[in-house]
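# Structure at a glance
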Amino acid sequence: MKPTEEKTRSNPSDLPVYLFKQGNNCEAYRYFGAHIEQRAGETGVVFRVWAPHATAISVVGDFNSWKPGSHPMRKVDNDSVWELFIPGMKEYDVYKYCVTTRAGDLVYKADPYAFHAETRPSNGSKVYDLNGFVWHDEAWQNAQKKTDVINGPMNIYEMHAGSWKMKEGGLPYNYSELADELIPYITEMGYTHVELLPVMEYPFDGSWGYQVTGYFAPTSRYGTPKDLMAFVDKMHEAGIGVIMDWVPAHFPKDQFGLYNFDGEACYEDPNPKRGEHKEWGTMVFDFGRSEVQSFLISSALYWLEQYHIDGLRVDAVASMLYLDYNRKQGEWEPNKNGGKENLEAVAFLRKLNDTILGRHPHKYMIAEESTAWPMVTKPASDGGLGFNFKWNMGWMNDMLSYMKTDPLFRSGNHNKVTFSFFYAFSENFVLPISHDEVVHGKGSLINKMPGDYEAKFANLRTFFGYMMAHPGKKLLFMGQEFGQFTEWNETKSLDWMLLGYDKHTELQTYVKTLNKFYKDHPAFWQIDYSWEGFQWIVPDDSRQSVVAFLRKDANGKQILVVCNFNPVLREGYTLGAPNSGTYKEILNSDDEAFGGAGTVHNKAVRSKKKPLHGFEQSITITLPPMSVLYFEVPAKRTRKTAEEKAAEKAAPKKASKTAKAAKAEEKAPAKRGRKPKAEAAPAEEKAPAKRGRKPKAEAAPAEEKAPAKRGRKPKAEKAAEPAEKPARKPRAKKADKAEK
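Here we take up the overall build of the protein. Counting its regular elements, the protein contains 18 helices and 30 strands. Looking at the protein residue by residue over its 740 residues, the buried ones come to 57%. Taking as baseline every contact in the protein between residues at least 6 positions apart, the subset at least 24 positions apart corresponds to 72%. Summing over all exposed atoms, the protein offers an accessible surface of approximately 30900 Å²; the carbon and sulfur share of this is 51%.

Here's what the structure looks like:
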């Protein structure tokens, strides 16, 4: 095949190239890369690539026996953008760019904008047509556009596509097959979202996808791009959201990748004190370069728009923000203001989030940011970075440290449980128990727990119960939900055979129950980012390692959470109660069905009028050893409710001319508002059955003013005098007015 001879077509390239160089081409993948099209009646492929330092570029592949120079490209802008149309090329043809550097060297590079790639160890790019996939997730997409992203439930199952489950012989499922296996499990377990470790093309299995060479190509380990589309489509049809990890912080030094793409720093920062993470062996993007901004923002939008991904978890944000990240003194230089902040990266992140959430406000942009950088989830216009969620790494580190501590010594570490509330509402947090916590000698989650076999499960159940009730969205890495004992290994499937053992099955049942409880109770997710959704009851019982708090939803419904982090039975544990009434135990982590002892279950507990912890009443309960209890809080009886009840009772009595009503009317001149008063009092005292008509109604407000019992007018006067009394008389008068 020979390249088609034609004039350089400047017009079609003018706008995309102009926007690209301005950093504003958010769909650069539509122009750059390899695209099947027709020219002069011939079907072929047009190739375009950005290489500002190259002296020559040619397209090479099987079609020309990889012969450099046989299919030379030419500049369309007389500057840095190269193009060539090759007729006869077709889908799945393998190719690379042979770049001649200014030093005269030839380097063979994969296409930065390729939609598909060879499977490792091969690394050539493949021609691929994204068109033609038929989506079935319109209902999901429409529902998402109406969803309250911040104040909705989000319970994420983080997973590695290749090692969640494998076929016989250790072969991975392809994307579409994986969805068929995964959907029944996720549905049964009750998770709302799945988060995939990076599935952008990468060469080294041991990087888990975090060293990317193909920012527009799903890894071919698990199939074709349309197989990934099928995965997302099936998940959406099943009502499950899909989040994926995205890595704009750095890229590897593989010679076929972005590294020194045209023989010199192109995608990476040219300053050696800014452009490399030596500890990771990776290069840092040049965030201030407009063409790099277009490349990265286009990549982010590509996954959200072409693959219907619901959100991106942006990896290693802290490494982008700080010039001295993982660098010793002398290995970095300050910014123009003398600080350590990477000002270009900050500006890029704001632009990225403004662009994506401006187009798709219902999508998720989640920052994995491990420092105290302020306002990560606040709008860029207010000085924030513009993400809508941030991983709460501080909570994760504190709680795992606390749970690893022997219960004998937890009293001295109580602040690790409570410290997160000093900043819990400063950002829109996700509580992450991620893959990073169960690898590299850190041990699996259950193996972090102290004690013997039984104690490990009891500790983990307690931790999960506390985590689910703590403000913030939730994330758990695969395998931890059934207590995998070994560390995660990307080359092996999870140890599903453990579900043949009771303790692991019971733990899985517990997590399933927690997930359902979470989804069914808005108090656990509706007000995650404000004190209005949380209230301490017992924050300071360090001696017994107990905490108790309330979670509240927008309608005022409350759940009381009590956590006992010691393997000690606490009988007669008294704590303040927000409302008077009956408290019902609705979840107990020590239940026998969850692998617990099951010996302690609180029956319905009636509050007592004994002030404690800032509340007017309290309850006394029994705490099982190493456990979490959830209680249903009775509704608060407000003045409004009492008035409504009074009106409801008064209306039928007025309408019916019974002897009883007539008698009440006869007595009315002697005591104004007699009937409404009699009804208002029982509403307040919550004992309607006890009210014995007139004499009883008089006795209730007169407990401390006995003489007022005899005469009606003096009583009315005295009832209004004491400031400390609830003053039933005025309430009765209000009801009177309502009747009139």
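Here we come to the sheet that holds strand β16 (residues 276-277). Read across the sheet, three strands follow the order β15-β17-β16 without closing on themselves; strand pairing throughout is antiparallel. Of all the strands in the sheet, just β15 (250-252) and β16 have a single pairing partner and so form its edges. When β16 meets strand β17 (residues 282-284), the two strands line up antiparallel, connected through two bridges. Counterpart to Glu 276 in the pairing with β17 is Met 283.

So, on to the nonpolar core. Among the nonpolar cores identified, the biggest contains 179 residues, and Phe 47, Tyr 215, Phe 231, Tyr 267, Phe 463 and Tyr 630 are the most heavily contacted of them. Among the elements that take part in this core, helix α5 (residues 290-306) stands out by supplying nine residues, more than any other. Membership of the second largest hydrophobic core comes to 19 residues, among which are Ile 537, Leu 560, Phe 615 and Phe 631.

Viewed as axis vectors pointing N to C, α5 and helix α7 (residues 343-359) meet at an angle of 30 degrees, and their least axial separation amounts to 10 Å. Looking at the two axes, α5 sits roughly parallel to α7. Relative to α7, α5 is oriented so that their crossing is right-handed. Contacts from Gln 293, Leu 296, Ile 297, Ala 300, Leu 301, Leu 304 and Glu 305 of α5 reach α7 at Phe 348, Lys 351, Leu 352, Thr 355, Ile 356 and Arg 359. Considering only residue class, the contact of α5 with α7 consists of eight nonpolar, two polar and three charged.

Another aspect to go through is the pattern of salt bridges. What the rule picks out here adds up to 31 salt bridges. Two residues, Asp 93 and Lys 90, come together in a salt bridge whose shortest N-O distance is 3.3 Å. Here Asp 93 falls in the buried class, since its relative accessible area comes to 16%. Residues Glu 201 and Arg 221 are paired through a salt bridge, measuring 3.2 Å at the closest nitrogen-oxygen approach. Of the two residues, Glu 201 sits in strand β12 (residues 200-201) while Arg 221 sits in the loop between β13 (214-218) and α4 (225-237), which places them 20 residues apart along the sequence. Residue class for Glu 201 comes out buried when judged on its relative accessible area of 6%. Relative accessible area serves as the criterion here: at 12%, Arg 221 is assigned to the buried category.

We now examine helix α3 (residues 175-189). In this model α3 runs 20 Å from its N-terminal to its C-terminal C-alpha over 15 residues, within 8% of the 21 Å that 1.5 Å per residue would give. Put simply, Asn 174 is the residue that caps the front of α3, since its side-chain oxygen is 3.0 Å from the backbone nitrogen of Ser 176. Of the residues flanking the end of α3, it is Gly 190, one or two places downstream, whose phi is positive at about 90 degrees.

If you roll a probe as big as a water molecule over the atoms, it shows you where there is empty space left. Size it by volume and the second largest pocket reaches roughly 670 Å³. A breakdown of the residues in the lining of the second largest pocket according to their chemical character gives nine nonpolar, eight polar and seven charged.

Running from N to C, α3 and α4 point in directions that differ by 20 degrees, and their axes come no closer than 7 Å. Between α3 and α4, the interaxial angle falls into the category roughly parallel. Note on packing geometry: the crossing formed by α3 with α4 is right-handed. Between α3 and α4, the contacting residues are Tyr 175, Ser 176, Leu 178, Ala 179, Asp 180, Leu 182 and Ile 183 on the first element and Asp 227, Leu 228, Ala 230, Phe 231, Lys 234 and Met 235 on the second. Looking at the contact of α3 with α4, its residues break down into nine nonpolar, one polar and three charged.

Of all residues in the protein, 84% attain a pLDDT of 70 or more, and the chain-wide mean is 87. Below pLDDT 50 for its whole length, residues 1-10 participates in 26 contacts with residues either more than four positions away or in separate chains. The model gives residues 654-740 a pLDDT under 50, and that stretch makes 77 contacts with residues more than four places away or in other chains.

Two strands in a sheet stick together by hydrogen bonds in their backbones, pointing the same way (parallel) or opposite ways (antiparallel). Overall, antiparallel pairing links the six strands, which are arranged β23-β24-β25-β30-β27-β28 in an open sheet. Unpaired on one side and paired on the other, β23 (534-541) and β28 (605-606) mark the two borders of the sheet. Inspection of the sheet shows strand β24 (residues 546-552) paired to strand β25 (residues 558-564) by seven bridges, in the antiparallel sense. Residue pairing in the sheet places Val 546 in a bridge with Asn 564 of β25. The sheet strands contacting helix α11 (residues 453-469) are β24, β25 and β30 (627-632), and the helix crosses β30 at an angle near 40 degrees. The sheet contacts of helix α12 (residues 502-520) involve β25, β27 (582-588) and β30, and relative to β27 the element is tilted by about 135 degrees.

On to the side chain of Ser 176, then. Looking at where Ser 176 falls in the secondary structure, it is placed in helix α3. Residue Ser 176 is classed as buried on the basis of its relative accessible area, which comes to 15%. Apart from the residues lying within four places of it in its own chain, the contact partners of Ser 176 are Asp 227, Ala 230 and Lys 234.

This part covers the side chain of Lys 473. Structurally, the position occupied by Lys 473 is in strand β22 (residues 473-477). For Lys 473, a relative accessible area of 0% puts it in the buried group. At a separation of 3.0 Å, a polar atom in the side chain of Lys 473 contacts the side chain of Asp 528. For Lys 473, the residues in contact, after removing those within four places along its chain, are Ile 150, Asn 151, Gly 152, Met 154, Phe 389, Phe 429, Val 430, Leu 431, Tyr 518, Trp 525, Asp 528 and Tyr 529.

Attention now goes to helix α2 (residues 138-145). Of the residues making up α2, those classed as buried are Trp 140, Gln 141 and Gln 144. Down the axis of α2, the smallest arc covering the buried residues is 95 degrees, so these residues share one side. Across from the buried face of α2, at angles greater than 90 degrees, the exposed residues are Glu 138, Ala 139 and Lys 145. Check the buried side of α2 and you find it contacts α4, β14 (241-246) and β19 (364-367).

Here we come to the pairing of strand β21 (residues 429-433). On any regular strand, side chains alternate: one points to one face of the sheet, the next to the other face. With five of five residues buried, β21 is to be regarded as a mostly interior element. What you see with β21 is no split at all: Phe 429, Leu 431 and Ile 433 on one side and Val 430 and Pro 432 on the other are buried throughout. Relative to β22, β21 is paired through four bridges, and the arrangement is parallel. Residue Leu 431 lies in a different strand from β22, and its bridge partner there is Lys 474.

With respect to the helices and strands, the residue Thr 147 is situated in the loop between α2 and β10 (155-159). Within the local environment of Thr 147, its side chain forms a polar contact with the backbone oxygen of Ala 143, the two atoms lying 2.9 Å apart.

Basis of the calculations
Residues numbered from 1 in each chain as written. Predicted model: local features only at pLDDT ≥ 70, side-chain atom pairs only at ≥ 80, totals over all residues. Heavy atoms only, no water. Helix = DSSP H or I, 4+ residues; strand = E, 2+ residues; numbered from the N terminus. Buried < 20%, exposed > 50% of the residue type's maximum accessible area, 1.4 Å probe, protein only. Contact = heavy atoms within 4.5 Å. Areas by Shrake-Rupley, 256 points an atom, 1.4 Å probe, with all protein chains shown as cover. Pairing = 2+ DSSP bridges. Core = buried A, V, L, I, M, F, W, Y, C linked by side-chain atoms within 4.5 Å. Axes fitted to C-alpha atoms, helices over the stretch in contact; angles between N-to-C directions. Parallel < 35°, antiparallel > 145°, perpendicular 65-115°, else oblique. Left-handed = near helix turned anticlockwise from the far one by under 90°. Nonpolar A, V, L, I, M, F, W, Y, C, P; charged D, E, K, R; others polar. Salt bridge = Lys/Arg side-chain N within 4 Å of Asp/Glu carboxyl O. Expected span 1.5 Å × (residues − 1). Polar contact = N/O pair within 3.5 Å; in protein donor to acceptor, adjacent residues only side chain to side chain. 1 Å grid on protein atoms, 1.4 Å probe; cavity = no way out; pocket = protein on both sides within 12 Å on 5 of 7 lines; lining within 4 Å. Points joined across faces, edges and corners; volume = space filled by probe spheres on them. pLDDT = per-residue confidence, 0-100. Arc of directions from axis to C-beta.

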